[in-house]
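Structure assessment
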Amino acid sequence: AAAAAAAPPPPAAAPTDAAATAAAAAAAASHHRRHYRARSSGRVPQHGDASAPSGQQAAAQQQWKQSSRSAQPTARQIQASNAKLKGNADYAAQNYQSAESAYTAALELLQADGIGGTEAAVLHSNRAGARLMVGKPAAALADALMAVQLDPKFFKAVSRAATCHCRMGDFASAKRILDKVLDKLSASSTHFQDIYKKLHEVEALTRSMDVVSNATLKHKAEKDSLLAALNMLDAVHPQVVYSEPMAALRVRTLLACNRPADALSAMEVHYEAPSCIKGAPWRSWLGVQARYHMGDMAGAIQMCEQLVQKLEHRAQSSSSAGLDEEAAAFGGNSETALAFAALRLPTKEELGHLLEHMKKLQSAKAEGNAAVKNGNHQLAVDKYTAALSHNAPPVFAAVLYSNRAAAHQGLGQITDAMADCARARALDPNYVRATTRLATLLQEVRRSELAADILTTITQGSSDASLGLTPSERQAITNQIATARATAAWQKTHDHYRVMGLDRSCSEDEVRKTYRKAALKYHPDKAVTLCRFNLAPPLSPNSKSHEAEGELVPVVFIAGQGAGVDARVLAEANWLFSLIGQAHEELSDKAKRRRYDMLLDAEHPPPTKTRYASTNPYTRYDPFAGFPGSYSFRKPSGRPSAGPSYASGAGGSRSGTSNFSSFGARNFNSRGNSSSGAAGYGAGPQGRTSNTGSRPQHKSSWYRRASHAFSESDDDEDDTY
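Since this is a predicted model, take the numbers as computed values, not measurements.

Considering the packing of helix α19 (residues 348-373) against helix α21 (residues 394-410)
Interaxial distance between α19 and α21 falls to 11 Å at its minimum, and their mutual angle equals 20°. Overall, the two elements α19 and α21 adopt an arrangement that is roughly parallel. You can see that α19 and α21 cross each other, and the crossing is left-handed. Residues L361, Q362, K365, N369 and V372 of α19 form the contact with α21, whose own contacting residues are F396, V399, L400, N403 and A407. By residue class, the composition of the contact of α19 with α21 is 6 nonpolar, 3 polar and 1 charged.

Focus on the environment of A519
Along the chain, A519 turns up in helix α28 (residues 508-522). Among the residues examined, A519 registers a relative accessible area of 17% and is labelled buried. Distance in space between the C-alpha atoms of A519 and I580 is 8.1 Å, their sequence separation being 61 residues.

Description of the nonpolar core
Ranked by size, the top nonpolar core spans 108 residues in total, and within it L178, I195, W282, W285, L286, M358 and L427 carry the most contacts. Sort the elements by how many residues they give to this core and helix α12 (residues 244-256) lands first, with 8 residues. Discounting residues that sit within four places of it in the chain, W282 has contacts with E244, A247, A248, V251, S334, A337, L338 and L345. If you look at the next biggest cluster of nonpolar residues, it comprises 37 residues, including C421, V432, V445 and L467.

Brief notes about the confidence of the model for the chain
As a note on interpretation, predicted positions should not be read in detail where pLDDT is low. Here the chain averages 75 in pLDDT, while 69% of its residues score no lower than 70. Under a pLDDT of 50 for its full length, residues 31-54 has, in the predicted model, 27 contacts with residues more than four places off or in other chains. Confidence over residues 64-70 falls short of pLDDT 50; this stretch has 7 contacts with residues more than four positions distant or in other chains.

So, the pattern of salt bridges
Counted under the stated rule, the structure contains 29 salt bridges. A salt bridge links R76 to D113, with the shortest nitrogen-to-oxygen separation between them at 3.1 Å. Of this pair, R76 sits in helix α4 (residues 75-92) while D113 is found in the loop between α5 (96-112) and α6 (117-133), placing the two residues 37 residues apart along the sequence. In this structure R76 comes out as partly exposed when scored by relative accessible area, which is 41%. We classify D113 as partly exposed; its relative accessible area is 27%. Counted as one network, the salt bridges with shared partners bring together E100, R127, R131, K136, D143 and E272.

Observations concerning unusual backbone geometry
The residue Q94 is not glycine, and still its phi comes out positive at about 65°. Topologically, Q94 is positioned in the loop between α4 and α5. Unlike most non-glycine residues, R446 shows phi in positive territory, near 65°. Judged by relative accessible area, which is 15%, R446 ranks as buried.

Conventions and cut-offs
Residues numbered from 1 in each chain as written. Predicted model: local features only at pLDDT ≥ 70, side-chain atom pairs only at ≥ 80, totals over all residues. Heavy atoms only, no water. Axes fitted to C-alpha atoms, helices over the stretch in contact; angles between N-to-C directions. Helix = DSSP H or I, 4+ residues; strand = E, 2+ residues; numbered from the N terminus. Parallel < 35°, antiparallel > 145°, perpendicular 65-115°, else oblique. Left-handed = near helix turned anticlockwise from the far one by under 90°. Contact = heavy atoms within 4.5 Å. Nonpolar A, V, L, I, M, F, W, Y, C, P; charged D, E, K, R; others polar. Buried < 20%, exposed > 50% of the residue type's maximum accessible area, 1.4 Å probe, protein only. Core = buried A, V, L, I, M, F, W, Y, C linked by side-chain atoms within 4.5 Å. pLDDT = per-residue confidence, 0-100. Salt bridge = Lys/Arg side-chain N within 4 Å of Asp/Glu carboxyl O.

Next up, the structure:
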């Protein structure tokens, strides 16, 4: 025992070859990890760094060299890195399509090398941002969710996925994905603060949507309030640009503000979306109403027939549930979107009644147009009247009234034609054809100045695009204005006979009876009642045409349109009735009628200037300049009558009868012809009359003298002029 205790201890067992190899590999791996952490921070450790493992130094360094040689980036990885940098530059320059292509190329290169993880997640997230900007919300959401799947701790991708949900109006999904991440983060983490801020933005956006919806639906009949709500919608719209409920609410508000063309543009899908979104029934139904209010009856009929087919297909198809689930990503199906806009889809019976109504309007209009082309104006009047009895929308009714005015004009019924043009202008102030037709009618009744005024007003107040004018049509209107202005310069007497629809030989009794009929027909108090139009698409009699409390209706009512149309109709009726009143006032009084007839006969257009025109500067003020000889008014038969003569005595001496002393009546011979006396006003060197005078005459002097002369001869009922 003593010997054994004194013996030295046995040597420690030498490590085996396997243990040595394992220790070297562990040391190399640890050093390799420290190398990549240092490389990411900008500092690459040397092989002989003090941080290298102390045991088995040579084996560890050799293992590290082999692993570092194997970690060198491949050619594809280099190309992917360059493509990523190009995508970032394009995104910063707002060239989003090019950025999407660059990120896609980088992802394909990484996938070819089988590389995923954080680097692929970053590319998916970046491509999601680019796709969201080029109108690919569904693809952007798929990219954001893939980035979260590749790297659950990549919180920027989580925030981007929530943004995609908000753009499509799915606020519940956006909140759900953010809440799920917040539950896994510490409250002191920086990522927690970022995600919480994003969640707060989503909740604020949800509240804004509710406020906008309430403001829009609360003031359905108040146009000013609707315009304010529309401004709020436009402010929120970029944040929910792909939301179906938001789109339906915006289209409804545009329709209520009487902007059907903008409503049609707003309901178009300008982004990548499934067929259930592009062909959603709510788009077809609101499109029918927009085209109906625009007067595009053919387009409304076509779209309504397509809607009927869609509803029948959805009722018979078993895949409608799948379509609704696909549309849920964009905020819901058609019923959800319309319910958000406080509307509902019409039933099959209601659509059938509307189709029948629109086809009747379209058919009657086509028959009236054909009758006008064939020259059967009375049949055209009957057809247009039948179409108006169906209560067309204001814009379509304006076309019918304007077309009926053309038929009345063909029948010589000028006042009826002007009344229809006035109604058309009241129903659609931007309908240029009604205004140009009315201007033509006003020129026929010698109201050229008024014709030029209404043409100038409509062209100055609106642009060619809003009026639908081509450059040639604009030039035609400009020429018509110039012609009317030139005619108004010399045409001062209105044609009251044509306004009343009477001949110049009519009796006083005929004037009185015609005025009574016109007063009953065109009185402003009856104008609103006689002007027929419809403010909303008519559905079946069983469907409610007005909104009930807490009940959804299918139609959109235009705010304030009825009151605005009524006010314009009344204003146009007052203007027309004033023309009729002026005509009756002139023609019902015997003395005024004689004076009016004389002025109407005396008024002639100025002569066309030729190379032989007079050079006397004073003749430019003479309405009779250019006409050779003297002028007088003569009775067709009977005793001689006195009248004005520009071949009077020297210096324009005035002598003669008491009634016409101011016109030198003594120069008339017994047959009523003017004498060729010696050197008188306008006389030539040898006593012949000339068209040049020795003193200037103002253009309107003849009218003042004629009025004065006939006011003195009102008691002479035997003379007729």
